[in-house]
2 protein chains.
Amino acid sequence: MDTDFELQDFLPYLLNQAAEASGLAFQKHYKERYGMLRTEWRALFHLGRYGALTAKEIGQMARVHKTKISRAVAALEQKRFLTRQQMTQDRRHENLHLTKAGQAAFADICAAARRFDDQITAQFTPQEVATLKSCLSRIAGLETRNLPKTKNSN
Amino acid sequence: MDTDFELQDFLPYLLNQAAEASGLAFQKHYKERYGMLRTEWRALFHLGRYGALTAKEIGQMARVHKTKISRAVAALEQKRFLTRQQMTQDRRHENLHLTKAGQAAFADICAAARRFDDQITAQFTPQEVATLKSCLSRIAGLETRNLPKTKNSN
DNA sequence: GCTTGTTAGTTACAAAAACAACTAATATCT
DNA sequence: AGATATTAGTTGTTTTTGTAACTAACAAGC
């Protein structure tokens, strides 16, 4: 009756618990202070970090479905954190770029993210952190793809 | 402008991506085959693994809010995977235990979980797996609690 | 030019999650 | 005993997500 299989050893469970705990703790920096949802923060991050992008590009980089991006962009636009600009060559694409306020929010949250990350990793040795991050990347399929395909390949 | 901070290095992001990828891949074993939601699978697991429990106990062990447990239990009951039994000493508590069908589903999914876990961990060295799991436990707050408290302490 | 196909992004509707308010049973305090 | 507080679990309402269908712009074939 599988008497020695502990849920605490099951990777999807552990990953989920760790992701939830850290995600919930970090939320306050974008949710409490700016009323943003996680997808909004991710979109903001990509625009802040990589400059003007289209919605599609953000979706691909952040691995988020286009409908979520669409709504996140609309929300960020309403908060005056970004503006849209139709591209003349192809009017289907729209170039998104952050406003001053958007850039300020990005810088602020980004700094918080760094501190937050440092705070977690400080509990471990550099060696452990390196292993942790590399394993996570592999599992997430961000590097070598060894896992069964997910549905999120939008 | 934080030009060297990559989202791929930010732990909450990495954790979330890894959790989503692995969770999505494992879903098929409980969702496709049994039409269960993740919370249902977790509740089933706890009952299969630890014997009869009350809804509250499951919630505490699995770190899930009581409303989600309540609905998961109702769904499992409807699927004839468990039965309820009011306790006479305190009629507020109800003891939940799996039916034959529930036990069968548990055994089946559990075996799949083992295989799934083995498949992921096979990519890494035993040393790496040990580090990974211990770091995740720490971050999840399942052992030493070093992180800011989360809202989920129901 | 006109059909057919594709692509970027939006919208509408259904499923699931979050949160708050509730009921019923028991415990506590006086 | 009777008022008040707690506790286990449920229900209802609001957000957020997932999914599919849609619009508008462009591309290709003929």
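Check the entry above for the structure.
Quantities reported herein were computed from a predicted structural model and do not represent experimental measurements.

1. Focus on the interface of chain A and chain B
Piece 1. Taken together, the contacts link 65 residues of chain A with 66 residues of chain B.
Piece 2. The contact between chain A and chain B buries some 6600 Å² in all, and 65% of this surface belongs to carbon and sulfur atoms.
Piece 3. Counting the surface chain A buries against chain B, the share from its top three residues, A:Phe5, A:Arg114 and A:Gln123, is 9%.
Piece 4. Linking chain A with chain B are two salt bridges, by the criterion used here.
Piece 5. Between B:Arg49 and A:Glu6 there is a salt bridge, with its nearest N and O atoms 2.5 Å apart.
Piece 6. Elements that contribute at least two residues to the side of chain A that touches chain B include exactly helix H1 (11–34), helix H2 (38–50), helix H3 (55–62), helix H5 (100–121) and helix H6 (126–140) of chain A.
Piece 7. Among the elements that take part in the side of chain A that touches chain B, H1(A) stands out by supplying 15 residues, more than any other.
Piece 8. Grouping the constituent residues of the side of chain A that touches chain B by class yields 35 nonpolar, 15 polar and 15 charged.

2. Description of the pattern of salt bridges
Piece 1. This model, assessed by the stated rule, comprises 14 salt bridges over all chains.
Piece 2. Its salt-bridge partner being A:Asp108, residue A:Arg33 comes within 3.1 Å of it at the nearest N-O pair. With a gap of 75 residues between them, A:Arg33 in helix H1 and A:Asp108 in helix H5 connect regions that are remote in the sequence.
Piece 3. On the accessibility criterion, A:Arg33 (53% relative accessible area) is exposed.
Piece 4. Here B:Asp117 and B:Lys133 are joined by a salt bridge, their closest N and O atoms 3.1 Å apart.

Calculation notes
- Residues numbered from 1 in each chain as written.
- Chains lettered and ligands numbered in written order.
- Predicted model: local features only at pLDDT ≥ 70, side-chain atom pairs only at ≥ 80, totals over all residues.
- Heavy atoms only, no water.
- Contact = heavy atoms within 4.5 Å.
- Buried area = accessible area lost by both parts, 1.4 Å probe.
- Salt bridge = Lys/Arg side-chain N within 4 Å of Asp/Glu carboxyl O.
- Helix = DSSP H or I, 4+ residues; strand = E, 2+ residues; numbered from the N terminus.
- Nonpolar A, V, L, I, M, F, W, Y, C, P; charged D, E, K, R; others polar.
- Buried < 20%, exposed > 50% of the residue type's maximum accessible area, 1.4 Å probe, protein only.

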